[in-house]
Amino acid sequence: MTPISEQTFSNPYQTFEREEWKSLNGHFNHTLIARDIDQLHALNEPLNMQEIEEVYFPLAHLLELHINSYATLRDNNNSFFQRTQQKLPFVIGIAGSVAVGKSTTARVLKKVLSLLPSKPKVELVTTDGFLYPNKVLIERNILNRKGFPESYDAKSLLNFLSSMKSGKKSVAVPVYSHMEYDILEYEKQKIQNPDILIVEGINVLQVNSQRTQGSGVFVSDFFDYAIYVDAAEKDIVNWYINRFESLRATAFQDPTSYFHKYANLSQEESVQMANQIWNEINRPNLQDNILPTKYRADLILEKGSQHFVKTIKVRKI
């Protein structure tokens, strides 16, 4: 699928440069300690209090408006139907390329939303847990397609979201280990009655290969708000290579790591390998499956070359 350019259709987004966006902060004044910030960002992804205050606090305010409207609509529905419908979680989807910083965005958003005046319970689930186990991918000869739509158990992911939106109080989801590069067979993440559920993954806005047999239901059908984290591909490639280099010197040194085979590469060999993986796997996935979903998002965070958000695009209402 060829990515759609903004020039293809009339622009449905309002665009905010960072200077204007940060003025929307309102009265959300919280200070996170350095330890909190260190736990929120991923490897080689810079994060500071300024980024949180100028980008994520206004975003939390905007989402609070949607969350409150969602609650008001539920109350009005209850009044109209003369029934008491239980509270269901407000679901936020976060999509974007490998190495663009989705995980950091998701963790920061979870933190700042939990600081809202209502002190909501916020849970975060990554779609990595819904990848098929390696043994299944090997049986299907698609281990080298991990991350592509066909490598996910879309039915299980849809069942999980359906359970959340049906009012099920507690649901266990699979856990993925980047160290083992596989699903942890005997470990589960328990999601219990959240007010807000964040679902993060490269595939969450895709519609190809996400329908169950005989149905036209997609993961994004369960979202109340969708965010796409964006950046120029040349910057994402640099971030990917730098992350690979950092992991080679750290996590890959662990003999139990799936990627220990890369531990003894020279710096030049490491860069070549990262480029090869990007060109053979991540670039085709980005171009064919991820980037075309960008304009399905309600909000787009555009990052500059230093990993910090420079522009925010919000879908017009």
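None of the values given here were measured: they were computed from a predicted structure.

The rules behind these values
- As a convention, each chain's residues are numbered from 1 in the sequence order in which they are written.
- Only residues with pLDDT of at least 70 are given local features in this predicted model, and only at 80 or more are side-chain atom pairs given and counted; all residues enter the totals for whole chains, interfaces and linings.
- Values shown for side chains rest on all heavy atoms present in the structure; no hydrogens or waters enter the calculation.
- For the purposes of this entry, the term helix denotes a DSSP run of H or I that reaches at least four residues, the term strand denotes a run of E that reaches at least two, and both are numbered from the N terminus.
- Working definition: with a 1.4 Å probe on protein chains only, accessible area under 20% of the residue-type maximum means buried, over 50% means exposed, and in between means partly exposed.
- Throughout, a residue-residue contact means that at least one pair of heavy atoms, one from each residue, lies within 4.5 Å.
- Residue burial considers only the protein chains on display, and all accessible areas are found by Shrake-Rupley using a 1.4 Å probe.
- Here an axis means a line fitted to C-alpha atoms, over the contact stretch when the element is a helix, while the angle between two N-to-C directions is reported on a 0 to 180 degree scale.
- Roughly parallel here means an angle under 35 degrees, roughly antiparallel means over 145, roughly perpendicular means 65 to 115, and every remaining angle is called oblique.
- Left-handed is the label given to a crossing in which the near helix is rotated counterclockwise from the far helix by less than a right angle, and right-handed is the label when the rotation is clockwise.
- Here the term charged refers only to Asp, Glu, Lys and Arg, the term nonpolar to Ala, Val, Leu, Ile, Met, Phe, Trp, Tyr, Cys and Pro, and the term polar to all other amino acids, Gly among them.
- Of the grid points, spaced at 1 Å and generated over the protein atoms alone, those admitting a 1.4 Å probe that cannot get out make up cavities, while open sets with protein on both sides within 12 Å along at least five of seven lines make up pockets; any residue with an atom within 4 Å of a point is treated as lining.
- Grid points are joined across faces, edges and corners, and a volume is the space filled by probe spheres set on the points.
- Put simply, two rings from Phe, Tyr or Trp (the six-membered ring, in Trp's case) pair if the centres are within 6.5 Å, and we call them stacked under 30 degrees between planes, edge-to-face over 60, tilted for the rest.
- Definition of nonpolar core: a set of buried residues of the types Ala, Val, Leu, Ile, Met, Phe, Trp, Tyr and Cys, connected through side-chain atoms within 4.5 Å.
- One speaks of a salt bridge when a side-chain nitrogen belonging to Lys or Arg is within 4 Å of a carboxyl oxygen belonging to Asp or Glu.
- Pairing between strands is defined by DSSP: at least two bridges between the two strands are required.

*Asks:* Tell me about the overall build of the protein, and name the residues and values.
*Replies:* Of the regular secondary structure elements, the protein holds 8 helices and 9 strands. Across the 317 residues that make up the protein, the buried fraction comes to 50%. Looking at the protein alone, contacts between residues at least 24 apart form 72% of all its contacts between residues at least 6 apart. A total accessible area of about 15,900 Å² is found for the protein, and carbon and sulfur atoms account for 49% of it.

*Asks:* Which residues make up the packing of helix H7 (residues 233-249) against helix H8 (residues 267-290), and what values go with them?
*Replies:* H8 packs onto H7 with a crossing angle of 135° between their chain directions and a minimal axis gap of 9 Å. The orientation of H7 with respect to H8, classified from their angle, is oblique. H7 and H8 meet at a crossing whose hand is right-handed. Facing H7, whose interface residues are Glu233, Ile236, Val237, Tyr240, Ile241, Phe244, Glu245 and Arg248, H8 presents Gln267, Ser270, Val271, Met273, Ala274, Asn275, Ile277, Trp278, Asn282, Arg283, Leu286 and Gln287. A breakdown of the residues in the contact of H7 with H8 according to their chemical character gives 11 nonpolar, 5 polar and 4 charged.

*Asks:* Could you give me a rundown of the layout of surface pockets, with the residues and numbers involved?
*Replies:* If a probe the size of a water molecule is rolled over the atoms, the empty space left behind becomes visible. Considered as a void within the structure, the largest pocket measures approximately 1,500 Å³ in volume. Forming the walls of the largest pocket are 49 residues, and the residues nearest its centre are Val98, His178, Tyr181, Arg243 and Phe259. For the lining of the largest pocket, the secondary-structure elements that each account for two or more residues are helix H4 (102-114), strand E3 (122-126), strand E4 (170-177), H7 and H8. The leading source of residues in the lining of the largest pocket is H8, at 7 residues. When grouped by side-chain class, the residues that make up the lining of the largest pocket number 27 nonpolar, 13 polar and 9 charged. By volume, the second largest pocket is sized at about 230 Å³. Along the walls of the second largest pocket sit 15 residues, with Ile67, Lys87, Ser118, Pro120 and Asp195 positioned nearest its centre.

*Asks:* Lay out the packing of aromatic side chains in plain terms, naming residues and giving numbers.
*Replies:* Evaluation of the coordinates by the stated rule reveals 14 aromatic pairs. Each ring, one from Phe252 and one from Tyr262, has its centre 6.2 Å from the other, and the planes form 50°; the classification is tilted. Highlighted residues: Phe252 in the loop between H7 and H8 and Tyr262 in the loop between H7 and H8, separated in sequence by 10 residues. With relative accessibility at 14%, the residue Tyr262 sits in the buried group.

*Asks:* Can you tell me about the nonpolar core, naming the residues and giving the values?
*Replies:* For soluble globular proteins, the rule of thumb is that nonpolar side chains tend to be buried together. Membership of the largest hydrophobic core comes to 85 residues, with the highest contact counts inside it found for Ile92, Leu109, Leu113, Phe160, Leu161, Ile198 and Leu299. The dominant element in this core, judged by the number of residues it contributes, is helix H3 (residues 49-81), at 10 residues. What Phe160 contacts, discounting residues up to four positions off in sequence, is Val125, Phe130, Val171, Val173, Ile191 and Leu197.

*Asks:* Could you give an account of the pattern of salt bridges, naming the residues involved and the relevant values?
*Replies:* In this structure the tally under the stated criterion is 13 salt bridges. Between Asp195 and Lys87 there is a salt bridge, with its nearest N and O atoms 2.6 Å apart. A residue pair is termed long-range when its members are at least 10 positions apart, and Asp195 in the loop between strand E5 (182-192) and strand E6 (196-200) and Lys87 in the loop between H3 and strand E2 (90-96) qualify at 108 residues. Connected via shared salt-bridge partners are Arg18, Glu19, Lys22, Glu51 and Glu54.

*Asks:* Quick one: what's the story with the sheet that holds E2, residue by residue and with numbers?
*Replies:* Think of a sheet as strands paired side by side through backbone hydrogen bonds, with each pair either parallel or antiparallel. With mixed pairing, the 7 strands of this open sheet are ordered in space as E1-E9-E8-E7-E2-E6-E3. In the strand order of this sheet, the two ends are held by strand E1 (13-17) and E3, each with one partner. On average, each strand axis in the sheet is inclined to that of its neighbour by 20°, with strand direction left out of account. Sheet contacts for helix H6 (residues 154-165): E2, E3 and E6; angle to E6, the most-contacted strand, approximately 165°.

*Asks:* Describe the pairing of E6, listing the residues and the values that go with them.
*Replies:* Taking burial as the measure, the 5 residues of E6 include 5 buried ones, the bulk of the element. Because side chains alternate across E6, one face comprises the buried residues Ile196, Ile198 and Glu200, and the other comprises Leu197 and Val199, equally buried. Inspection of the sheet shows E2 paired to E6 by 5 bridges, in the parallel sense. Across the sheet, Gly93 pairs through a bridge with Val199, a residue of E6. Here E3 pairs with E6 via 5 bridges, running parallel. For Glu123, the partnering residue across the bridge sits in E6 and is Leu197.

Read these as geometric descriptors, not functional statements.
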